[in-house]
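The chain contents come next:
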Amino acid sequence: MTGPPNKRQKREDYKRAQESLKAGSHGAGSGKVELPKKKFYRQRAHANPFSDHALTYPLSPADMDWTCHYPAFASGEAANGKSLHAVSRDVEIADIGCGFGGLLVALAPLFPETLMLGMELRTQVTDYVVDRVAALRAQNQPSSGTSDGKFGPYQNISALRTNTMKFLPNYFRRAQLSKIFLCFPDPHFKQRKHKARIVSTQLNAEYAFVTKPGGLVYTITDVEELHQWMVKHFEGEEAGDAKELWKRVTQEDLDADPCVKVMSEETEESKKVTRNGGKKFIAVFQRQENPEWPD
């Protein structure tokens, strides 16, 4: 006698059903595709960034084919003489450790012409974001009668599984990004684990490499010690030579920045902190012009 399906079987059956729905409603604009349910995408809260995960990544930004992520922006032009197809604009916003994609979904209508990418190491969480974006696109397709070539919303966001601590420059050219978000990163409380924090002297230099002058790195956490760590590593003595590349944004500018409000209210972690009555510590840093070489 066969017993009831276990959790893995339920998850696989659910995903097969979702794929069937997406295939059946493709191009119909019927909105029948439902948003994915988190209970079928459960995974451990953290992943070891130093493990050798089975990851696929481009050898360089020129080798990355973005058309599968942003088909509405595909230009059909060859990229650097290769067979890859290009998109009409560059990715400009990166949400590192995007979690379940709340920030991307909230930012998408604010910057409809800007391409944004969520980068996440956990497999199931990445799958959830990818399915969430696909469902939102399907639910918001324009009516079949439109002939102006316009696409529906959420075409400008996507997500992929990668390890940004190792491969960030493989995706983005120098000075390509205008905004990087580091929302509620793993605090790694134990001192021996501090090397795994997403903010460090070495990583901040990489953020400076891929961020254009005037671009911004947004940080938010509910752990005050981690907040102080991030501030010290961007503008304090711990920043090393990268200190000259970053300047902390004033509170007045933060109050006028709609991204700060979205980051503070729309992500899943920020909502959890609000429900629990916790504090949120925010710091934003602006990329400075490269300092002149000494004589």
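Note that the structure is predicted; figures quoted are calculated from it, not measured. (Residues numbered from 1 in each chain as written. Predicted model: local features only at pLDDT ≥ 70, side-chain atom pairs only at ≥ 80, totals over all residues. Heavy atoms only, no water.)

### With respect to the sheet that holds strand β7 (residues 211-221)
Pairing in this open sheet of seven strands is mixed, and the strands run β5-β4-β3-β6-β7-β9-β8 from one edge to the other. The two strands at the open ends of the sheet, each matched to only one other strand, are β5 (157-161) and β8 (246-248). The mean angle between the axes of side-by-side strands here comes to 20°, regardless of whether they run parallel or antiparallel. Note: strand β3 (residues 91-96) against strand β4 (residues 115-120), five bridges, orientation parallel. What sits directly across from Ile-96, in β4, is Met-119. (Pairing = 2+ DSSP bridges. Helix = DSSP H or I, 4+ residues; strand = E, 2+ residues; numbered from the N terminus. Axes fitted to C-alpha atoms, helices over the stretch in contact; angles between N-to-C directions.)

### Side note on the pattern of salt bridges
By the definition in use, this model includes six salt bridges. In this structure, the salt-bridge partner of Arg-173 is Asp-90, at a minimum N-O distance of 2.9 Å. In this pair, Arg-173 is assigned in the loop between α4 (164-171) and β6 (177-183) and Asp-90 in the loop between β2 (85-87) and β3, connecting sequence segments 83 residues apart. Here Arg-173 falls in the partly exposed class, since its relative accessible area comes to 42%. Judged by its relative accessible area of 36%, Asp-90 falls in the partly exposed class. (Salt bridge = Lys/Arg side-chain N within 4 Å of Asp/Glu carboxyl O. Buried < 20%, exposed > 50% of the residue type's maximum accessible area, 1.4 Å probe, protein only.)

### A few points about α4
Because an α-helix packs 3.6 residues into every turn, residues spaced three or four apart end up facing the same way. The buried count for α4 comes to six of eight residues, which makes it a mostly enclosed element. The complete set of buried residues in α4 reads Thr-164, Met-165, Phe-167, Leu-168, Asn-170 and Tyr-171. As for α4, its buried residues are in contact with β3, β4, β5 and α5 (201-210). Between the side-chain oxygen of the N-cap and the backbone nitrogen of Met-165 there are 3.1 Å, and the N-cap of α4 in question is Asn-163. (Contact = heavy atoms within 4.5 Å. Polar contact = N/O pair within 3.5 Å; in protein donor to acceptor, adjacent residues only side chain to side chain.)

### Structural notes on the UniProt feature "binding site: S-adenosyl-L-methionine" (unreviewed entry) in the chain
Residues given the UniProt feature "binding site: S-adenosyl-L-methionine" (unreviewed entry) here are Gly-97, Glu-120, Leu-121, Asn-163, Thr-164, Cys-183, Thr-267, Glu-268 and Glu-269. By secondary structure assignment, the location of Thr-164 is in helix α4. Beyond its immediate stretch of four places on either side in the chain, Thr-164 contacts Ile-96, Met-119, Ile-198 and Glu-206. Inspection of the secondary structure puts Glu-268 in helix α9 (residues 268-275). A relative accessible area of 21% places Glu-268 in the partly exposed class. Separated by 3.3 Å, the side chain of Glu-268 and the backbone nitrogen of Gly-102 make a polar contact. (UniProt positions renumbered as here; feature names shortened; annotations may be inferred.)

### Remarks on the environment of Gln-139
In this structure, Gln-139 sits in helix α3 (residues 123-139). Once the C-alpha coordinates of Gln-139 and Glu-34 are considered, the two residues, 105 residues apart in sequence, prove to be 7.9 Å apart.

### Here we look at unusual backbone geometry
Positive phi outside glycine occurs at Tyr-154, with the angle close to 70°. Classification of Tyr-154 as buried rests on a relative accessible area of 18%.

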